[in-house]
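Residues per chain are reported as follows:
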Amino acid sequence: MNKTTLHLALIGDYDAQVTAHQAIPLALQQAGAALGLTVRFDWLATDTIKSTEQLQHYDGFWCVPASPYRDLDGALRAIRYAREQRRPFLGTCGGFQHAVLEYARNVLGWADAEHGELAPDSPRAVLTPLTCALVEATDTIRLMAFTRIAEAYATLDIHEGYRCRYGINPDFESALLEADLIASGHDSAGDLRAVELLDHPFFVATLFQPERAALTGITPPLAIALLKACV
């Protein structure tokens, strides 16, 4: 039976000054209205995510921007739950970075994988500073055909905004993408900007912040796609 009320968990440490945190509730409200759904959500501060039991009643998860998070392990615990339990998941900006880190550690078995923001000297920093920081920048992204993100946007060329300083370390990109994690979007320079999992109902992560469109009155296609996957 289809649900008309959805409960989502927003993984991240809420800060009213963060533009993305202002946009995400609006994005969910707009997407819910477009689909005729009631959307309820809880902000789950990363230092409160101590077990998977508290995650079980959520229909979907959105790992939000503004890292470093207060508790890396809490964020990774929630992402792993969404991945393993096949719950719809969207990660944007910091959420993209931590989805990649969780995959590296728990799927590829790279126990020493680190985020370069927290461990810059790690020999296995799978996330490192971007060559050119994408802070309040916009760019064109070319989506891969037949991916969930392309289906959400119904086009292969999109234009989105960023506020980000870290991305996938090029030294590890090929190894990260050898199995079920696939590249689904690249920017105009050919750099990886979106990934998704093949063997999952909906697990999409973007380095850009699609939620920002909600602040201009545009319902973000990925917010609609996330809710559709939750129904």
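Keep in mind that this is a model prediction, so the values were computed, not measured.

Parameters at a glance
- Residues numbered from 1 in each chain as written.
- Predicted model: local features only at pLDDT ≥ 70, side-chain atom pairs only at ≥ 80, totals over all residues.
- Heavy atoms only, no water.
- Core = buried A, V, L, I, M, F, W, Y, C linked by side-chain atoms within 4.5 Å.
- Buried < 20%, exposed > 50% of the residue type's maximum accessible area, 1.4 Å probe, protein only.
- Contact = heavy atoms within 4.5 Å.
- Phe/Tyr/Trp six-rings, centres within 6.5 Å; stacked < 30°, edge-to-face > 60°.
- Helix = DSSP H or I, 4+ residues; strand = E, 2+ residues; numbered from the N terminus.
- UniProt positions renumbered as here; feature names shortened; annotations may be inferred.
- Axes fitted to C-alpha atoms, helices over the stretch in contact; angles between N-to-C directions.
- Parallel < 35°, antiparallel > 145°, perpendicular 65-115°, else oblique.
- Nonpolar A, V, L, I, M, F, W, Y, C, P; charged D, E, K, R; others polar.
- Salt bridge = Lys/Arg side-chain N within 4 Å of Asp/Glu carboxyl O.
- Left-handed = near helix turned anticlockwise from the far one by under 90°.

### Some details on the nonpolar core
Phase 1: If you look at the biggest cluster of nonpolar residues, it comprises 72 residues, and the most contacted ones within it are Phe 61, Trp 62 and Phe 89.
Phase 2: Every residue in contact with Trp 62, bar those within four places of it in the chain, is listed here: Ala 9, Leu 10, Ile 11, Ile 24, Ala 27, Leu 28, Leu 90, Thr 92, Glu 211, Ala 223 and Leu 226.

### With respect to the packing of aromatic side chains
Phase 1: If you walk through the whole model with that rule in mind, you get six aromatic pairs.
Phase 2: A centroid spacing of 4.8 Å and a plane angle of 55° characterise the contact between Tyr 14 and Trp 43, whose relative ring orientation is tilted. On the criterion of sequence distance, the pair formed by Tyr 14 in the loop between strand 1 (5-11) and helix 1 (19-35) and Trp 43 in strand 2 (residues 38-44) is long-range, its members being 29 residues apart.
Phase 3: Pairing Tyr 162 with Phe 208 gives two aromatic rings, centres 6.1 Å apart and planes at 85°, and the pair type is edge-to-face. Taken together, the positions of Tyr 162 in strand 7 (residues 157-168) and Phe 208 in the loop between strand 10 (203-206) and helix 6 (221-230) put the pair 46 residues apart, joining distant regions of the chain.
Phase 4: Residue classification places Tyr 162 among the buried residues on the basis of a relative accessible area of 1%.
Phase 5: An aromatic cluster is built from Tyr 58, Phe 61 and Tyr 81, whose rings are joined through pairwise contacts.

### Thoughts on the UniProt feature "domain: Glutamine amidotransferase" (unreviewed entry) in the protein chain
Phase 1: Taking the numbering used here, the UniProt-annotated feature "domain: Glutamine amidotransferase" (unreviewed entry) corresponds to residues 27-114.
Phase 2: End C-alpha to end C-alpha, residues 27-114 measures 31 Å, and it is 40% helix and 18% strand.

### Notes on the packing of helix 2 (residues 72-84) against helix 3 (residues 94-106)
Phase 1: Two elements in contact, helix 2 and helix 3, have axes separated by 9 Å at closest approach and are oriented at 75°. Taken together, the axes of helix 2 and helix 3 lie roughly perpendicular to each other. Between helix 2, through Leu 72, Asp 73, Leu 76, Ile 79, Arg 80 and Arg 83, and helix 3, the contact on the second element is made entirely by His 98, Ala 99, Leu 101, Glu 102, Arg 105 and Asn 106.
Phase 2: Residue composition of the contact of helix 2 with helix 3, by class: five nonpolar, two polar and five charged.

### A closer look at the pattern of salt bridges
Phase 1: Taken as a whole and judged by the stated rule, the model has twelve salt bridges.
Phase 2: One salt bridge in this structure joins Glu 102 and Arg 83, with 2.8 Å as the shortest N-O distance. With a gap of 19 residues between them, Glu 102 in helix 3 and Arg 83 in helix 2 connect regions that are remote in the sequence. Each member of the pair, Glu 102 together with Arg 83, is buried.
Phase 3: In the salt-bridge network here, residues are joined through shared partners; they are Arg 80, Arg 83, Glu 84 and Glu 102.

### Some points on the packing of helix 1 against helix 6
Phase 1: Remark: helix 1 packs on helix 6, axes separated minimally by 9 Å, with the N-to-C direction vectors making an angle of 60°. By the criterion of interaxial angle, the relationship of helix 1 to helix 6 is oblique. Here helix 1 and helix 6 pass one another in a crossing that is right-handed. Taken together, the residues of helix 6 that come into contact with helix 1 (itself represented by Ala 27, Leu 28, Ala 31, Gly 32, Ala 34 and Leu 35) are Ala 223, Ile 224, Leu 227 and Lys 228.
Phase 2: Classifying every residue of the contact of helix 1 with helix 6 by side-chain character gives eight nonpolar, one polar and one charged.

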